[in-house]
Amino acid sequence: MGASDASRPRYAGRLDLQHGAVDMSHGSGGRAMAQLIDELFRRHLDNDLLAQGNDQALFRPPAGRIAVSTDGHVISPLFFPGGDIGCLAVHGTINDVAMCGARPLYLTAGFILEEGLPLADLARIVASMARACNECGVPVVTGDTKVVERGKGDGCFITTTGVGVVADGIDISGDRARPGDAILVSGTIGDHGVAIMSKRENLGFETEIRSDTAALHDLVAAMIAAVPDIHCLRDPTRGGLASTLNELAQQSGVGMQITEPAIPVRAEVAAACELLGLDPLNVANEGKLIAICPAAHAERLLAAMRAHPKGQNAAVIGEVFEDPHHFVQMETAFGGNRIVDWLAGEQLPRIC
Amino acid sequence: MKYIDEFRDGALARGLAGAIAAEADPAREYRLMEFCGGHTHAIYRYGVQDLMPANLRFVHGPGCPVCVLPMARIDQAIAMAVEHGVTLCTYGDLMRVPASERRSLLKAKAGGADIRMIYSTQDALAIARADADRQVVLFAIGFETTTPPTAVVLKVARAEGLGNFSVFCNHVLTPPALKTILATAGPDGVQLDGILGPSHVSTIIGSRPYEFVPAQFGKPVVIAGFEPLDVMQSALMLVRQINQGRCTVENQYTRAVTRDGNVKAQGLMAEVFAPRDSFEWRGLGRLPHSALRIADAYADFDAERRFPVAPGQAKEIRGCECPSVLRGVMEPTDCKLFGTVCTPENPMGACMVSSEGACAAYWSYGRFRPTKQGADPVLRGAA
């Protein structure tokens, strides 16, 4: 986001944030791009490191191990109940960094804008990012903007990279689930995916289902304070709870048994899934995590999660066991047993 | 969730399981064909088989509309989109069904064809209305359940004079399929003691069209809903008929099905569609009077007439046992491709694609069970 204060050019008029739109010149490296950065990105995302005005941000690494994660955000629609692509791009990467127990420090942001995107929408997105950054205490310290021709993007794509630091003694990893461990989830599942789908498909539900998009690093910190020996953490985003449990089972070389009635699902989410022929276990979340810890610590961890605003509906949903096939199985509310599988392809509505 | 949880109640399920176990005669077998993919799905998803006595076995039927659609029809749809450049509107289940030469609608879409996934026939109409320069074809498939909504859009399109809209009709009829299954049942085919009759289909056609089953073939039928308790209660009703030596059409799904069905919907279908002389079914072969075409009065909206495609030679994948699975002759795990090269990510046959397909249901929910040959489940299932 270049251009230091001293060298900042003067512009003929201000950006038209009401009626203006992104055009190719906003990505050309010239004065128009500089103006977009100054009057839109810098205005909202301002912080000391960004204000260094160089092509990189310089900082001294703190003690501990550094965690880095990157995530591209391509969501349609850009604005949805409960959030937008801006705050999602902040929350998503903070969560990926935090899932190893790291304290997130900084973010970078790369924007790919489609020619014709209203500047008002872009301003709304960047303001939402800035709000999310302030709430999380994690600033965007460097960034990049590119513009692609109309029809070659979907309004706005945002890639964020996050850097964090993990304290010594914390060892959280997807390969650490052990037979006997307890499996916990931090709250209701499926809210984000159903919120997006209800907007995308123009399904007029009476109750508005809101995305659960949220940054979970503070919840993670509270969990680690209560139980330093957490074995695994992961946020069940695309593919939902089902795919994430399968990932962890594969990575750790174990099986899992979960109990359907123990899994928190909002009634309206369950109803929407029923209508669309979807399984809430396969639906995306953006503000939930799965935790695996020794069974002896499960109650303490659950209490710590429930004491936090982002973990109020936390629950123990199952346990890890030895299984050479690495199956995730679920005892259904009905009394039978079934496999909980990876999501295959996309979730599709059924037809009959 | 109201009106849903009641039909998935674990305590009631245990009660029904107890009744079935108590009444089933240990000296005999109960081989019950669940006609619809919706039943198959419920049986696997809720673990209904776990609650049944060992001598009661569900045999999967052909009632999965995506599964019985022959590959040639998918090839034809792809040709309409690719060669004629139409906007093809389809239900999501069809997108990944294998076509000839390892093609599929999803791959055709990735290759640039304009193929849209819709939730309702009305969506296709809306796409046509929004752009008069675009030829929009609705890829209509399904049994009698999905036929009336197709009839409605054809009527609306004609009333509006929507010249850029047409329907590629692949609607098929349930009773002829059932008849074929029963006619070929026996020592060489599938062995059956009773039928769990279609659920949603019967809301349209009623229970009367199945009366030939006990009359001609001497097998009991119970029209069964799609919820797991519906399936269990229907199984109990079949066990009772079999034990008592009775043989009749009973209706478990009384909250939605009557003997005469939805007369208004039937009238609509009769007006807009006409029976085809015969139609090819995957697994069952060419069956007389088993499908619908668009009636002459609506011929202008028939995509097969508007966008003729030279009939190709569809090539099924070698070794794929979908046809036998659809007739109930084979279990999914009897197929050599199952779980080895054929998985939901890389389906070789339609039964592995559709959420209503027996192979997909078995793979997704039940592959931890030992197979009936006693093989270790991992041989047929680990990732």
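Below: a short report on this structure. (Residues numbered from 1 in each chain as written. Chains lettered and ligands numbered in written order. Predicted model: local features only at pLDDT ≥ 70, side-chain atom pairs only at ≥ 80, totals over all residues.)

1. Here we look at the overall build of chain B
Here comes step 1: Within chain B, the regular secondary structure consists of 15 helices and 13 strands.
Here comes step 2: Its C-alpha atoms give chain B a radius of gyration of 21 Å, near enough to 21 Å, the size a compact globule of 383 residues would have.
Here comes step 3: If you line up chain B on its principal axes, its C-alpha atoms span 65 × 45 × 45 Å.
Here comes step 4: Burial statistics for chain B: of 383 residues in total, 54% are counted as buried.
Here comes step 5: The long-range share in chain B, meaning contacts at least 24 apart out of those at least 6 apart in sequence, stands at 76%. (Helix = DSSP H or I, 4+ residues; strand = E, 2+ residues; numbered from the N terminus. Rg over C-alpha atoms; globule rule 2.2 N^0.38 Å. Buried ≥ 20, exposed ≤ 12 C-beta atoms within 10 Å, placed from the backbone. Contact = placed C-beta atoms within 7 Å.)

2. Considerations on the interface of chain B and chain A
Here comes step 1: Taken residue by residue, the interface counts 41 residues in chain B and 27 residues in chain A.
Here comes step 2: When residues of the side of chain B that touches chain A are traced back to their parent elements, those giving at least two are helix 1 (10-23), helix 2 (37-45) and helix 15 (358-366) of chain B.
Here comes step 3: Residues belonging to the side of chain B that touches chain A are distributed by class as follows: 20 nonpolar, 12 polar and nine charged. (Nonpolar A, V, L, I, M, F, W, Y, C, P; charged D, E, K, R; others polar.)

3. What to know about the packing of helix 2 of chain B against helix 15 of chain B
Residues and elements named next belong to chain B.
Here comes step 1: Across the interface, helix 2 lies against helix 15 with an axial gap of 9 Å and an inter-helix angle of 15°. Taken together, helix 2 and helix 15 sit at an angle that is classed as roughly parallel. When you trace helix 2 past helix 15, the crossing you get is right-handed. Contact residues: Thr40, His41, Tyr44 and Arg45 in helix 2; Ala358, Ala361, Tyr362, Tyr365 and Gly366 in helix 15. (Axes fitted to C-alpha atoms, helices over the stretch in contact; angles between N-to-C directions. Parallel < 35°, antiparallel > 145°, perpendicular 65-115°, else oblique. Left-handed = near helix turned anticlockwise from the far one by under 90°.)

4. Some details on the pairing of strand 4 (residues 115-118) of chain B
Residue and element names in this part refer to chain B.
Here comes step 1: Where strand 3 (residues 87-91) meets strand 4, four bridges bridge the pair, whose relative direction is parallel. In the sheet register, Tyr91 faces strand 4, and the bridge partner there is Ile118.
Here comes step 2: The parallel pair strand 3 and strand 4 is bridged by helix 5 (residues 105-110), and the resulting crossover is right-handed. (Pairing = 2+ DSSP bridges. Right-handed = clockwise from strand over helix to strand, strands pointing away.)

Just distances and angles here, no functional claims.
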